[in-house]
Amino acid sequence: MELVFLSSSDLHGYILPTDYQSPQDCDAPFGLSRVSSVIKREQETYGKNNVVITDSGDFLQGSPLASFAQSTKNIEQVKEFLSLYNAIDYDARCLGNHDFNYGLDYLNDCINNSRAPFVNDNVLDEKTGQPAFGKDYLIVNKNGIRVGLIGATTKKVPSWEPAEHVAGLRFASAFAQTKYYAQILRPQVDVLAVIYHGGFEADPKSGMQTEPATGENEGYKMLSEIPEIDVFLTGHQHKKMSAVVNDTAIVQPGYRGEAVGKVVLEIDKQTKKIISKKAMLIDTAEATPDSEIINLSTDLNKNTQKWLDQPIAKLSQSAPIEDANKARIEGSPFINLLQQMQLYFTGADISATAVMSETAKGFKQEVTMRDILLNYPYSNLLCKVKVLGSELRAIVEHSLSFLKKDDQGKIGFAPEYQDLLFNFDVFYPIDYEADLDREVGQRLSKFELKGKAIEPEESYYLAVNNYRAMGGGFYPCYSQDKIEETLDKDYVQMFQEFLTQANIPLDPRKNYKFY
């Protein structure tokens, strides 16, 4: 017999096939409605009782639809949003780091109104040491096969969230907790699967380290040192990945529902032993959006579109982005506007930010809520961080490590960073230049603030989002003890206030140069 696992992850509230660039867009190659069609087709092919359906987290935050549902503060609207996920026959889900973005009350409301059970072995109640949400593991029966399901979340959530969003919680190592429960569960089941909102700190096949071992991603360690795992359903890194390594089938299905992870186990019906394992991805682009999901979302989407088109401000001049990568490399009016806003609210000396979306267009003179959310889709908070000049130099040098020149001298981004460009920060109003022919870490050729060299032992205040202030993106020198202030406004609130009240002229100049 064949037992099939279907895995979604990192849907980020993208239900319909749209990225909300305009109200008419409805043919984007992703979304839960396409995922649902793939799942239903696979259930029909194999039989529902031979299919295990899971989700690896990050489902509450990201899309304008998700932002609208949360912004209403209306539990009925939230239930309507959750009904879209509830339409899918998930056997189990785990939480992702972005599921904590809106706070514990909202998270608990969403868990309580979700039809599928949550598995969670490492987000613990600080007092009892027991799982703070859901169950530590589940056993489900599929056509006589006992399937054990363990769930875990990246332990770095407290590094990225305000204290009140993780109050009373302890985030244990996903590796340590999964290893513990795998040894308990393995004798009880025929198949053991781990649902993990986390990825791989090293290449699963070669073992070559691909990022610092911070505990954010412990997938390689889990793959290498927990042989009890048969099926490993991962997420968080937004990668598209499928393989069988160390006799474990692994999948990671990308972002926004662009793919569904599929694992097929051939099992001897008599002995219930696994004969073979296959891992693959099913791209959803060609799947017709599920009419059930479309119909369920009609009212919520209609209200979202109205909310998105509400006018926020009228600028004296536009602040466009022609192309995201061109803006990153050459600068753009919109980046400067965002930097000016961060300085306005913090009074810092310097601001750091990134172009957060590949489809960011910046602002026309008429700015709507749609424009704000499409250009800054994350629920970050703004921090004021105190750093030494030497630390600031190391931070800027890290961002410069993303860049490379090809044989014709054209400047672009190194392949390993192509999917991580939301971590490529630029800095304002410092004047800096970088020689990309120099070694990584030694590229700065000019590094000045207001015409004076930035001194290694002098202190500077830096405005930066909370994800980065806690070291997100593997930046050096950031840490919690350097945060002097965290504002209690999110970026949507700040944009609304800044654009309507600040009355600060847009600075069009280009303050950095790469050569």
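None of the values given here were measured: they were computed from a predicted structure. (Residues numbered from 1 in each chain as written. Predicted model: local features only at pLDDT ≥ 70, side-chain atom pairs only at ≥ 80, totals over all residues. Heavy atoms only, no water.)

(A) Up close: the packing of aromatic side chains. Overall, the coordinates contain 30 aromatic pairs when judged by the stated rule. Judged by centre distance (5.5 Å) and plane angle (65 degrees), the ring pair of Phe100 and Phe171 falls under edge-to-face. Separated by 71 residues along the polypeptide, Phe100 in the loop between β3 (92–93) and α4 (104–112) and Phe171 in strand β7 (residues 169–171) bring together distant segments of the chain. Residues Phe100 and Phe171 agree in their burial class; the two are buried. (Phe/Tyr/Trp six-rings, centres within 6.5 Å; stacked < 30°, edge-to-face > 60°. Helix = DSSP H or I, 4+ residues; strand = E, 2+ residues; numbered from the N terminus. Buried < 20%, exposed > 50% of the residue type's maximum accessible area, 1.4 Å probe, protein only.)

(B) Fine view of the sheet that holds strand β9 (residues 231–234). Ordered in space as β5-β6-β8-β9-β11-β10, the six strands form an open sheet in which the pairing is mixed. The strands lining the two open edges of the sheet, one partner per strand, are β5 (137–142) and β10 (240–245). In this sheet, neighbouring strand axes are inclined to one another by 15 degrees on average, regardless of whether the strands run parallel or antiparallel. Here four bridges tie strand β8 (residues 191–197) to β9, and the two strands are oriented parallel to one another. Across the sheet, the residue bridging to Val194 is Phe232, located in β9. Contacts from helix α6 (residues 174–185) reach β5, β6 (145–153) and β8 within the one sheet, and its direction differs from that of β6 by about 165 degrees. (Pairing = 2+ DSSP bridges. Axes fitted to C-alpha atoms, helices over the stretch in contact; angles between N-to-C directions. Contact = heavy atoms within 4.5 Å.)

(C) View of the pairing of strand β2 (residues 51–55). Where burial is concerned, most of β2 is hidden: five out of the five residues are buried. Side-chain alternation along β2 places Val51, Ile53 and Asp55 on one buried face and Val52 and Thr54 on a second face that is also buried. Strand direction decides the pairing type here: strand β1 (residues 2–8) and β2, joined by five bridges, are parallel. Bridged to Leu6 within β2 is Ile53. Once the chain exits β1 it traverses helix α1 (residues 32–46) before rejoining the sheet at β2, and the crossover so formed is right-handed. Sheet topology places β2 next to β3; two bridges connect them, and they run parallel. (Right-handed = clockwise from strand over helix to strand, strands pointing away.)

Taken by themselves, the reported measurements are silent on function.
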